Amino acid sequence: MPHSHRLSRHRKVWHVAAATALDDQTPRTFRDAVASLRSWRPDEHVVISEITAPANIAPHSFALSAVAKRPGQSEATGKLVLLHDPQPQTSWRGNLRLVSFLRVNTDHSTDADQTLAVIAWSWLEDGLKLASAPHLALGGTVTCTADTRFGELRDPADGNVHATDVGLEVRASWTAPTTELTTHLWAWCLQLAAAVQLSPEAVGEPG
């Protein structure tokens with residue numbers, strides 16, 4: 001279950017009730033990486049919460065969830081998980097791996113699933129580029145799903161047209177070469193913003 005949290009801003013520093021406990025026995029690399037992810041929060045259009053990290057994926061893990069909203073648009077939801085293994089993983093090409101998940105509904109036609117997938121993937125690539133977040137071994141998938149409502153589940157406002165919701169799910173992972181992850185968090189927030197057609201300026205930026 002996600003832990004409740006409170007955010008307060010004082011001299012541009014955000015304080016978050018921790019869902020992940022760190023102590024002197026926690027590797028310094030992981031502590032520094034987590035501190036970096038806790039050091040910045042975007043503007044009000046993207047709301048981030050610290051949540052309990054998944055277990056048994058890596059020796060150390062930390063997780064965030066987020067919701068991006070724009071009036072008149074479906075909201076985008078996401079999770080960002082930081083994994084750390086003191087022993088560098090060959091497939092990771094490092095020992096700090098970021099894993100992200102994003103889901104958003106769109107009103108685009110399902111006739112263009114492949115085009116939608118390319119657009120959805122570009123949200124992350126563009127975010128990483130705009131944030132100048134150095135990364136290695138980036139990979140992932142985009143899944144398009146369609147739900148069509150019939151009968152009593154159909155909105156009367158749709159008339160005789162059966163309403164179809166197209167869902168996009170973007171799963172990705174990449175390796176951070178350093179413990180400075182603020183730009184990676186920014187890139188992830190830019191991805192969420194793009195999914196609901198918010199401009200990068202609506203997210204804000206670290207600094």
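Residues numbered from 1 in each chain as written. Predicted model: local features only at pLDDT ≥ 70, side-chain atom pairs only at ≥ 80, totals over all residues. Heavy atoms only, no water.

Here's the deal with the confidence of the model for the protein chain
Do not read the predicted coordinates in detail wherever pLDDT is low. Averaged over all residues, the pLDDT of the protein chain is 84; the fraction at 70 or higher stands at 79%. Here residues 1-17 scores under 50 on pLDDT; set against residues more than four positions off or in separate chains, the count is 29 contacts. (pLDDT = per-residue confidence, 0-100. Contact = heavy atoms within 4.5 Å.)

A closer look at the environment of Ser-49
Tracing the backbone shows Ser-49 in strand S3 (residues 46-51). Placed 16 residues apart in sequence, Ser-49 and Ser-65 show a C-alpha to C-alpha distance of 5.3 Å. (Helix = DSSP H or I, 4+ residues; strand = E, 2+ residues; numbered from the N terminus.)

Examining the environment of Gln-197
Counting through the fold element by element, Gln-197 comes out in the segment after helix H3 (182-195). Along the backbone, Gln-197 and Arg-70 are 127 residues apart, and their C-alpha atoms lie at a distance of 7.6 Å. Once residues lying within four places of it in the same chain are set aside, the contact partners of Gln-197 are Arg-70 and Gln-73.

Quick word on the side chain of Glu-169
Examined against the element boundaries, Glu-169 turns out to sit in strand S8 (residues 164-175). Polar side-chain contacts of Glu-169 include one of 3.0 Å to the side chain of Arg-103. The contact partners of Glu-169, leaving out residues within four places of it in the chain, are Phe-101, Leu-102, Arg-103, Thr-141, Val-142 and Thr-143. (Polar contact = N/O pair within 3.5 Å; in protein donor to acceptor, adjacent residues only side chain to side chain.)

Some thoughts on the pairing of strand S5 (residues 76-89)
Bridge count for strand S4 (residues 60-68) against S5 is 9 bridges, and the pairing is antiparallel. The partner of Ser-65 across the bridge, within S5, is Lys-79. Bridge count between S5 and strand S6 (residues 94-106): 9 bridges; the pairing is antiparallel. Paired with Lys-79 across the strands is Phe-101, a residue of S6. Hairpin connection from S5 to S6: 4 residues lie between these consecutive antiparallel strands, with Arg-93 at a positive phi of about 65°. (Pairing = 2+ DSSP bridges.)

Focus: H3
Over its 14 residues, H3 runs 20 Å from end to end, which matches the ideal 20 Å to within 8%, given 1.5 Å per residue. Of all the 14 residues making up H3, 12 are buried; the element is thus mostly covered by neighbouring parts of the structure. For H3, the set of buried residues is Thr-182, His-184, Leu-185, Trp-186, Ala-187, Trp-188, Cys-189, Leu-190, Gln-191, Leu-192, Ala-193 and Ala-195. (Expected span 1.5 Å × (residues − 1). Buried < 20%, exposed > 50% of the residue type's maximum accessible area, 1.4 Å probe, protein only.)

Structural notes on the pattern of salt bridges
Enumeration over the complete set of coordinates arrives at 4 salt bridges. With a shortest N-O distance of 2.9 Å, Asp-32 and Arg-28 are connected by a salt bridge. A residue pair is termed a helical-turn pair when its members lie 3 or 4 positions apart in one helix, as Asp-32 and Arg-28 do in helix H1 (residues 28-38) at 4 residues. The exposure class assigned to Asp-32 is partly exposed, which follows from its relative accessible area of 29%. Among the ionic pairs, Arg-38 bridges to Glu-50, the shortest N-O distance being 2.8 Å. Taken together, the residues Arg-38 in helix H1 and Glu-50 in strand S3 connect sequence positions 12 residues apart. A single burial state applies to Arg-38 and to Glu-50, both of which are buried. Through salt bridges with shared partners, a single ionic network connects Arg-103, Glu-169 and Arg-171. (Salt bridge = Lys/Arg side-chain N within 4 Å of Asp/Glu carboxyl O.)

A closer look at the side chain of Thr-175
In this structure, Thr-175 sits in strand S8. Under the relative-accessibility criterion, Thr-175 is labelled buried at 1%. A distance of 2.8 Å separates a polar atom in the side chain of Thr-175 from a polar atom in the side chain of Arg-97. Excluding anything up to four places from it in sequence, Thr-175 contacts Trp-92, Arg-93, Gly-94, Leu-96, Arg-97, Pro-134, His-135 and Leu-136.

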